[in-house]
Amino acid sequence: MQIPEQAAVRRAFVNTSRSRAASMSLPAAWPPPRSDDRDFLGWVDPRAPRRAYLVVEGDELVAIELRLPSAPGGRTRKTMCDLCHSVDAPDGAALVVATRAGARGRAGDSVGLCLCTDFDCSLRVREPLKEHQVSVSGRPDDRQEQLVERLRDFVTRVLSPRG
Ligand SMILES: [Zn+2]
């Protein structure tokens, strides 16, 4: 994806206050490596380890603030990521929570997602399938399209005033 300017990321937040968006910190490495291979950007705030962000480029840029679990739970178990359906992230996947946009979010409503803790789902689905995976499914490799679809669903749920 195209790497947005820092100011554009701040303006794109849909589920946080303007002051919190203003306090968001970008990762030290910006733009992130291999940007062309990424369907979304994600990072943990370097100054607030329980805050993370997900930035998606659709018709418009959408930035979502995520809360991370207080304890690094589930890192020994192999939890599957909801976006890339892999268990291969070095530190596994963790449940992150996004406050919904608008009135629902102000009422405390949120959406959960299990997500690779390194946010490298886009890179993972672009790795070649292992031999046994090719022979078992016999289907074309549509992991990247599926990732984009699941990502879009998540954004829709965060934005949705209903459902
Ligand atoms: Zn993933």
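Along each chain, residues carry numbers from 1 onward, in the same order as the chain's sequence is written. In keeping with the model being predicted, local features are shown solely for residues with a pLDDT of at least 70 and side-chain atom pairs are shown and tallied solely at 80 or more, while totals for entire chains, interfaces and linings include all residues. Excluding hydrogens and water, the side-chain values take into account all heavy atoms of the structure.

K.L.:
Looking at this structure, how should I read the coordination of the zinc ion?
P.N.:
Metal coordination angles in their ideal form are 109.5 degrees for the four-donor tetrahedron and 90 or 180 degrees for the six-donor octahedron. Metal donors were taken as nitrogen, oxygen and sulfur atoms no farther than 2.8 Å from the ion, or 3.2 Å where the ion is Na, K or Ca. Water is excluded, so coordination may look unfinished. Around the zinc ion, the protein supplies Cys81 (SG), Cys84 (SG), Cys116 (SG) and Cys121 (SG) as donor atoms, at distances of 2.2 to 2.3 Å. Under this scheme a four-donor centre is tetrahedral when all angles range from 85 to 135 degrees, a four-donor centre is square planar and a six-donor centre octahedral when opposite donors are above 155 degrees with the rest from 65 to 115, and any other centre is irregular. In this structure, the zinc ion is coordinated by 4 donor atoms arranged in tetrahedral fashion, with angles at the metal of 101 to 121 degrees. Considered as a linear motif, the donors of the zinc ion on their single chain read C-x2-C-x31-C-x4-C. Here Cys116 lies in strand E5 (residues 110-116) and Cys84 lies in the loop between strand E3 (61-67) and strand E4 (93-99), a separation of 32 residues in the sequence. Pair check on accessibility: Cys84 and Cys116 agree, each one buried. A run of H or I in DSSP becomes a helix once it reaches four residues, and a run of E becomes a strand once it reaches two; helices and strands are each numbered from the N terminus. Remark: exposure states derive from per-residue accessible area (1.4 Å probe, protein chains only) relative to the maximum for the residue type, with buried under 20%, exposed over 50%, and partly exposed in between.

K.L.:
Teacher, can you tell me more about the state of the cysteines here?
P.N.:
Disulfides are covalent bonds that connect the sulfur atoms of two cysteines. Disulfides are defined as cysteine sulfur pairs within 2.5 Å. Taken as a whole and assessed by the stated rule, the structure comprises 0 disulfides. With no disulfide of its own, Cys114 lies 7.5 Å from the sulfur of Cys81, the closest cysteine sulfur.

K.L.:
Could you clarify how one ought to interpret the packing of aromatic side chains in this entry?
P.N.:
Think of a pair of aromatic rings as described by two things: how far the centres are apart, and how the planes are tilted against each other in angle. Each pair of aromatic rings taken from Phe, Tyr and Trp, with Trp reduced to its six-membered ring, is defined by centres within 6.5 Å and is described as stacked if the planes are under 30 degrees apart, edge-to-face if over 60, and tilted in the remaining cases. In the structure shown here, the tally under the stated rule is 3 aromatic pairs. Each ring, one from Trp30 and one from Trp43, has its centre 5.4 Å from the other, and the planes form 70 degrees; the classification is edge-to-face. Here Trp43 lies in strand E1 (residues 40-45) and Trp30 lies in the loop between helix H2 (18-22) and E1, a separation of 13 residues in the sequence. Take Trp30: its relative accessible area is 23%, and that puts it in the partly exposed class. Plain terms: the ring middles of Trp43 and Tyr53 are 5.4 Å apart, the flat faces sit at 50 degrees to each other, and that makes the pair tilted. Of the two residues, Trp43 is situated in strand E1 and Tyr53 in strand E2 (residues 48-57); the sequence distance between them amounts to 10 residues. Given the relative accessible area of 5%, Trp43 is considered buried. Among the aromatic residues, those joined into a cluster by ring pairs are Phe13, Trp30, Trp43 and Tyr53.

K.L.:
Where do I start with the pattern of salt bridges in this structure?
P.N.:
Opposite charge on two side chains permits pairing when their charged atoms draw close. Think of a salt bridge as a Lys or Arg side-chain nitrogen and an Asp or Glu carboxyl oxygen that are within 4 Å of each other. Taken as a whole and judged by the stated rule, the model has 9 salt bridges. With its nearest N and O atoms 2.9 Å apart, the salt bridge here joins Asp120 to Arg38. Note that Asp120 is positioned in the loop between E5 and helix H4 (121-124) and Arg38 in the loop between H2 and E1, a separation of 82 residues in sequence. The same class applies to Asp120 and to Arg38, which are both buried. We note a salt bridge from Arg126 to Asp39, for which the minimum N-O separation is 3.0 Å.

K.L.:
What exactly am I supposed to notice about the environment of Leu26 here?
P.N.:
With respect to the helices and strands, Leu26 occurs in the loop between H2 and E1. Residue class for Leu26 comes out buried when judged on its relative accessible area of 13%. Each C-alpha atom, one on Leu26 and one on Arg47, is 9.3 Å from the other, the two residues being 21 residues apart in sequence.

K.L.:
How should the nonpolar core be read in this particular structure?
P.N.:
In globular proteins that are soluble, nonpolar side chains generally tend to be buried together. Buried Ala, Val, Leu, Ile, Met, Phe, Trp, Tyr and Cys residues that are joined via side-chain atoms within 4.5 Å together make up what is termed a nonpolar core. Membership of the largest hydrophobic core comes to 27 residues, with the highest contact counts inside it found for Phe40, Leu66, Leu83, Leu115 and Cys121. Contributions of two or more residues to this core are made by E2, E3, E4, E5 and helix H6 (143-159). With 5 residues, the top contributor of residues to this core is H6. Each residue touching Leu83, except ones within four places of it in the same chain, is listed here: Phe40, Leu113, Cys114, Leu115, Cys121, Leu147, Arg150 and Leu151. Any two residues whose heavy atoms approach within 4.5 Å are treated as being in contact.

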